[in-house]
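# Examination of the molecular architecture
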Amino acid sequence: MDNLNRRDALKAGGVLAGIGALSLSLFTAPPRAQAWNWSASGSIAGSGDGVDPMTVWDPAADQVIAEILESGQVPAINKILATWTTNNQPTPSGLPPNLTAFIEQARQLPAWTDQSKLTAADDFNAKQGPFIGTAYGFGAGLLATVIPHESRAVYYSKGGADLQDRIAKTAKLGYDLMAQQPFGPNGHLIVTCVKTRMVHAAVRHLLPRSAPWLQVATESPKIPISQNDILVTWHSLPTTIMQKLKAWKVPITDAHSAGLLHSWQVTAHLLGVQDQYIPATWDSANAQSKLVLDPALGPSPEGTKIADHLLTIGPVLAATSFITKPMLASFTKFVLGNQVAKWLNLKTDGIWDGIFATLWGPFVQLYQFGKIVPGVDAIYFQLTEFIKVAALLYLNNGGLKLELPIPTTNNPS
Ligand code: HEM
């Protein structure tokens, strides 16, 4: 893997091309409350160079994407890439050679991929899909709105102009992962990850040109989506989801647990995270999460607006007679806690606050045994309906669009 530090990033030049003369004084110490002390011995690579991931981006992707953005070829490239959707399709012809070379390399599964663990992840998804999906939606989807770096990047980038469409996308990749054999020949996840990696590289190139983002960004230097940022979001996904599933006492075998972790390790690698930062075990993931995710949480005006849109998704609310915005707010508070609810100014429903606090646990157990009888167990039946649509909250646009075009602009508004 490439080891890139800030100095190398500057050499690569792509990310910063066109920003103008950047004084080195910009490169102050990174705003990490605690020094980077996570040991790479707990990583997939087993060792590392000790460089703080706040100072590392994705040089291979950043350079090639900066070049194609500067050359004005992206609209034509997006048309070609729209035809590439399935893992076993060859990389489409007609792309610039440097982009083809990048994709050919980026689409390779890591040598450490363990197919038996991916099969266990499939089995876990098949057995506990509704709860995993609900945790993706409310654990990861809403948690992203209290990660200011991510909320601001989303808000001021191109997709921020249509929040309704944009907000769900990070959680949707998680949901995409729940399809059977997502890394297999007929799956889509390898393509989705490589495209996402390219979209992120484009955002790194474009956002430093957005005046509103520059005004609020706290990154130092002001380049979004560092390896640290991706790890933060990564922990808002599998690490948080596993914590929630355990708290809800969803039955999880050791193989299922290892499978979920592994599918996310492979995903992190395909998203461009260096193996020296990818946790090898849940223990090292939990330790890294404390270091990177916990201090990254907080309120931001952008995140609060995004959360408000998330909880107001009209088609979902219209699909049932009993799901209301305050009910979704109550569930969010139940899953993410009072502090997050306060940050997001959530207006919850007192009755549902009580129902989730007292009946969610018994519901999870009854659901496992198929013991919920419509009419008799009225409240449990409503909860069954709830988990069916809760996951849809993030999928109501018809699933993850596989085009994932490389953006050429920021949010124009
Ligand atoms: C785009 C997933 C981390 C900011 C995307 C897309 C996906 C995705 C699937 C493509 C959506 C589309 O263009 O239609 C993920 C996953 C992450 C992650 C799974 C980590 C595990 C981050 C982080 C940030 C971020 C850390 C910011 C700090 C963005 C932005 C876009 C994007 C700004 C483009 C928005 C646009 O212009 O439409 N991400 N992301 N992502 N992501 Fe991420």
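In this text the structure is predicted, and so the values were computed from the model without any measurement.

Moving on, we come to unusual backbone geometry. Here the residue pair Ser220 and Pro221 is connected by a cis peptide bond, since its omega of 0 degrees sits within 30 degrees of zero. Here Pro221 lies in the loop between α10 (211–216) and α11 (227–247). In this structure, Lys249 takes a positive phi of about 60 degrees despite not being glycine. Taking relative accessible area as the criterion, Lys249 reaches 59% and is therefore assigned exposed.

Just one protein atom coordinates the iron atom of the ligand, and that atom is His200 (NE2), at 2.2 Å. Assignment of secondary structure puts His200 in helix α9 (residues 189–206).

Our next topic: the packing of α11 against helix α13 (residues 282–292). The geometry of α11 relative to α13 is characterised by a closest axis approach of 9 Å and an angle of 125 degrees between their N-to-C directions. The orientation of α11 relative to α13 falls into the category oblique. Crossing hand, α11 versus α13: left-handed. Within the contact between the two elements, α11 uses Asn228, Leu231, Val232, Trp234, His235, Pro238, Thr239, Met242 and Gln243 and α13 uses Trp282, Ala285, Asn286, Gln288, Ser289 and Val292. Residues of the contact of α11 with α13, tallied by class, amount to eight nonpolar, seven polar and no charged.

Given two aromatic rings, one states the distance between the centres and the angle between the planes to describe the pair. Throughout the structure, instances matching the rule amount to 23 aromatic pairs. Seen in terms of ring centroids, Phe331 and Phe334 are 6.0 Å apart; in terms of plane orientation they differ by 35 degrees. Their pairing is tilted. On the criterion of helical spacing, the pair formed by Phe331 and Phe334 is a turn pair, its members being three residues apart in helix α16 (residues 325–336). Residues Phe331 and Phe386 carry aromatic rings whose centres are separated by 4.9 Å and whose planes lie at 75 degrees to one another, so their mutual orientation is edge-to-face. Highlighted residues: Phe331 in helix α16 and Phe386 in helix α19 (residues 378–392), separated in sequence by 55 residues. Members of the aromatic cluster, joined through ring pairs, are Phe131, Phe138, Trp248, Phe331, Phe334, Trp352, Phe356, Trp360, Phe363, Tyr367, Tyr380 and Phe386.

Now for α16. A turn of α-helix holds 3.6 residues, and therefore any two residues three or four places apart point the same way. For α16, spanning 12 residues, the distance from its first C-alpha to its last is 16 Å, which sits close to the expected 16 Å at 1.5 Å a residue. For α16, every residue scored as buried is listed here: Met327, Leu328, Ala329, Ser330, Phe331, Thr332, Val335 and Leu336. Positive backbone phi, at 95 degrees, marks Gly337, one or two positions downstream of α16.

Bringing the pattern of salt bridges into the picture now. Evaluated as defined, the whole model comprises seven salt bridges. Between Arg209 and Glu70 there is a salt bridge, with its nearest N and O atoms 3.6 Å apart. In this pair, Arg209 sits in the loop between α9 and α10 while Glu70 sits in helix α2 (residues 59–70), placing the two residues 139 residues apart along the sequence. Its relative accessible area of 34% is what places Arg209 among the partly exposed residues. Overall, the relative accessible area of 52% leaves Glu70 in the exposed class. Of the charged contacts, one joins Asp123 and Lys127 as a salt bridge, the two residues approaching to 2.8 Å between their closest N and O atoms. One end of the pair is Asp123 and the other is Lys127, both in helix α5 (residues 115–143) and four residues apart, which spans about a single turn.

The next subject is the side chain of Ser300. Inspection of the secondary structure assignment puts Ser300 in the loop between α13 and α14 (301–310). Each residue touching Ser300, except ones within four places of it in the same chain, is listed here: Pro148, Ser151 and Arg152.

Conventions we followed
Residues numbered from 1 in each chain as written. Predicted model: local features only at pLDDT ≥ 70, side-chain atom pairs only at ≥ 80, totals over all residues. Heavy atoms only, no water. Helix = DSSP H or I, 4+ residues; strand = E, 2+ residues; numbered from the N terminus. Buried < 20%, exposed > 50% of the residue type's maximum accessible area, 1.4 Å probe, protein only. Donors = N, O, S within 2.8 Å, 3.2 Å for Na, K, Ca; no water. Axes fitted to C-alpha atoms, helices over the stretch in contact; angles between N-to-C directions. Parallel < 35°, antiparallel > 145°, perpendicular 65-115°, else oblique. Left-handed = near helix turned anticlockwise from the far one by under 90°. Contact = heavy atoms within 4.5 Å. Nonpolar A, V, L, I, M, F, W, Y, C, P; charged D, E, K, R; others polar. Phe/Tyr/Trp six-rings, centres within 6.5 Å; stacked < 30°, edge-to-face > 60°. Expected span 1.5 Å × (residues − 1). Salt bridge = Lys/Arg side-chain N within 4 Å of Asp/Glu carboxyl O.

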